Amino acid sequence: MAKSVPFYRPSIDNKEKAQLEEVLSSKTNKVEELEKAFTKYTGASFAVATSDGTSALHLAMLSINLKRGDKVLCSVNAYPSVPEVVRHFDAEPIFVDADESSYNINLDKLETILSDNQSKKLKAVIVSHIGGHPIDLERLYNIAKIYNIRVVEDASEALGGSYKGNKIGSTGADVTTFSFNPHLKGHVCNGGMMVTDDEDLVERAQLLRNHAMVTPDENLKYVYDVVDIGSKYDMSELDAAYSLAQLSKQDNAIKRQKTIAARYTKKLEGASHIILPEMQTEHTFSLYIIKVKKNRDSFARELLGKGVETGLHYIPLHLLTYYKSKYSLRVNDFPMALRNFQQVLSIPIFSDMSDSEVDYVCDTILDITKHWI
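Residues numbered from 1 in each chain as written. Predicted model: local features only at pLDDT ≥ 70, side-chain atom pairs only at ≥ 80, totals over all residues. Heavy atoms only, no water.

Another aspect to go through is the environment of Met193. Relative to the elements of secondary structure, Met193 occurs in strand E9 (residues 192–196). On the basis of relative accessibility, which here comes to 0%, the residue Met193 falls in the buried class. When the C-alpha positions of Met193 and Thr54 are compared, they lie 9.6 Å apart, and in sequence the two are 139 residues distant. Apart from residues no more than four positions distant in its own chain, Met193 is found in contact with Leu34, Glu35, Phe38, Ala47, Val48, Ala49, Thr50, Ala56, Thr176, Thr177, Phe178 and Phe180. (Helix = DSSP H or I, 4+ residues; strand = E, 2+ residues; numbered from the N terminus. Buried < 20%, exposed > 50% of the residue type's maximum accessible area, 1.4 Å probe, protein only. Contact = heavy atoms within 4.5 Å.)

In this structure, Phe38, Leu73, Leu110, Val125, Leu140 and Met193 are the most contacted members of the largest nonpolar core, which totals 41 residues. Every element with two or more residues in this core is listed here: helix H2 (30–42), strand E1 (46–50), strand E3 (92–96), helix H5 (107–116), strand E4 (122–128), helix H6 (137–147), E9 and helix H8 (237–248). Among the elements that line this core, the one with the most residues is H6, at five residues. The residues contacting Val125, other than those within four sequence positions of it, are Val72, Leu73, Ile105, Leu110, Leu140, Ile149, Arg150, Val151 and Val152. (Core = buried A, V, L, I, M, F, W, Y, C linked by side-chain atoms within 4.5 Å.)

For the rest of this paragraph, the subject is the side chain of Asp70. Among the structural elements, Asp70 can be located in the loop between helix H3 (53–63) and strand E2 (71–75). Given the relative accessible area of 8%, Asp70 is considered buried. Setting aside chain neighbours within four positions, we find Asp70 in contact with Asn65, Ala91, Glu92, Lys121 and Lys123.

Once that is clear, we can look at empty space enclosed by the protein. Here the idea is plain: a probe the size of a water molecule rolls over the atoms and shows the empty space left. Going through the model one piece at a time under the given rule, you end up with two cavities of 30 Å³ or more. Estimates place the volume of the largest cavity at around 90 Å³. Along the walls of the largest cavity sit Ser101, Ser102, Tyr103, Ile130, Gly131, His133, Pro277, Glu278, His283, Leu287, Tyr288 and Ile289, which together make up its complete lining. Looking at the lining of the largest cavity, its residues break down into six nonpolar, five polar and one charged. Every residue along the wall of the second largest cavity is listed here: Asn77, Ala98, His313, Tyr314, Ala337, Asn340, Phe341 and Val344. If one sorts the elements of the lining of the second largest cavity by residue count, helix H12 (residues 335–341) sits on top with three residues. When its residues are assigned to classes, the lining of the second largest cavity shows five nonpolar, three polar and no charged. (1 Å grid on protein atoms, 1.4 Å probe; cavity = no way out; pocket = protein on both sides within 12 Å on 5 of 7 lines; lining within 4 Å. Points joined across faces, edges and corners; volume = space filled by probe spheres on them. Nonpolar A, V, L, I, M, F, W, Y, C, P; charged D, E, K, R; others polar.)

Burial of E4 is extensive: six of the seven residues sit out of reach of the surface. Relative to E4, E2 is paired through four bridges, and the arrangement is parallel. Pairing of Val72 across the sheet is with Ala124, part of E4. Note: E4 against strand E5 (residues 150–154), five bridges, orientation parallel. Counted as the bridge partner of Val127 is Glu153 from E5. Note on the crossover from E4 through H6 to E5: the handedness is right-handed. (Pairing = 2+ DSSP bridges. Right-handed = clockwise from strand over helix to strand, strands pointing away.)

Take unusual backbone geometry next. Residues His313 and Tyr314 are joined by a peptide bond in cis, for which omega reads 5 degrees. In the Ramachandran plot, Asn65 falls in the positive-phi region, its phi being about 65 degrees despite a non-glycine side chain. Tracing the backbone through its elements, the reader meets Asn65 in the loop between H3 and E2. Classification of Asn65 as partly exposed rests on a relative accessible area of 33%. With a phi close to 70 degrees, His273 is a non-glycine residue in the positive phi region. Mapped onto the elements, His273 comes out in the loop between helix H9 (250–268) and strand E12 (274–275).

Looking now at the layout of surface pockets. Empty space within the largest pocket amounts to approximately 540 Å³. Lining the largest pocket are 32 residues; nearest its centre among them are Tyr8, Gln246, Gln250, Ala253 and Gln257. Those elements giving two or more residues to the lining of the largest pocket turn out to be H8 and H9. With five residues, H9 is the largest single contributor of residues to the lining of the largest pocket. Grouping the constituent residues of the lining of the largest pocket by class yields 14 nonpolar, 13 polar and five charged. Considered as a void within the structure, the second largest pocket measures approximately 310 Å³ in volume.

Moving on, we get to the sheet that holds E3. Strand order in this open sheet of seven strands is E1-E9-E8-E5-E4-E2-E3, and the pairing throughout is mixed. Of all strands in the sheet, those bounded by a partner on one side alone are E1 and E3. Each adjacent strand pair in this sheet contributes to an overall mean axis angle of 20 degrees, direction not counted. As judged from the four bridges shared by strand E8 (residues 175–179) and E9, these two strands associate in the antiparallel manner. Directly across from Phe178, in E9, lies its bridge partner Met193. Set on the sheet, H5 makes contact with E2, E3 and E4; between it and E3 the angle comes to about 130 degrees. Relative to E5, H6 is tilted by about 145 degrees, and along the sheet it contacts E4 and E5. (Axes fitted to C-alpha atoms, helices over the stretch in contact; angles between N-to-C directions.)

Here it is, written out as structure tokens:
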């Protein structure tokens, strides 16, 4: 019986080692290979590899030509990278409350804000698929079409996920970004990916990924010109090699995560003081988020004391010092996100997790709930 369970443990075998050895022993182009594999895997027309998920999101903002004073809507329940990339343009994030059960952006609230604020400066909406739970994309795209805004999907936790049978990344967004090292998932490598079906957007992203440098003479690559303001966002060969191996195992990882989620749900059903997530068919369960009705932090401390690590996804952005003070936000401005935040707790789930580890987590939770007040 396991006596400690990490929040995450990467699955590494000979596939990763073989890919890395190719890079170290010969001249390869693993970045290009990864981009091709990614378009094939997701069904997107174009893919641009980046140094990490945040740079992919920032590159997406560059590619849609975000400017000072523009406005971008996003959920208040998102990782700080989401509004951060907007603020770097001196553009303004507009926060939207979260959904009670999926923790994604609340589409009713989104539509209300758009109908009440039809400014020409409204440029885009960034949506995150929290924990691999896909948002209602059909409705989202219809809303975006009505109000003429771009859709950028942050799929950092939804790699390999699908919506109505189509892989996330090929469902109709203007841009979708991915991360190979999501929050709290252990940074074995750094890497991100931006995908799109828009050739103009991908050409701009490819240019700006490496300082907007061009080489007029292919025979003299040390001669270069700079034609715009870009960034240094290209991915290393080693990161690409590792990510290629991980990508080849992603579908099996999702299958295992769903099995673990079903086991959690079966064993924890009816547990006192605990609310379990919905078993939605297209949920990848890259996170398994429960709600603890009372004293969530004390509950997490008890779990940690028994060797079970946990995570939090996420602290609402309006509670963070910068955004709270910058936009004069009040604690109760986003009541659903606040209520969720006070209860949500992510428990371990990863493809290499054994049944005995799952059972240990369940037994520990059940043991704690017996005396929980």
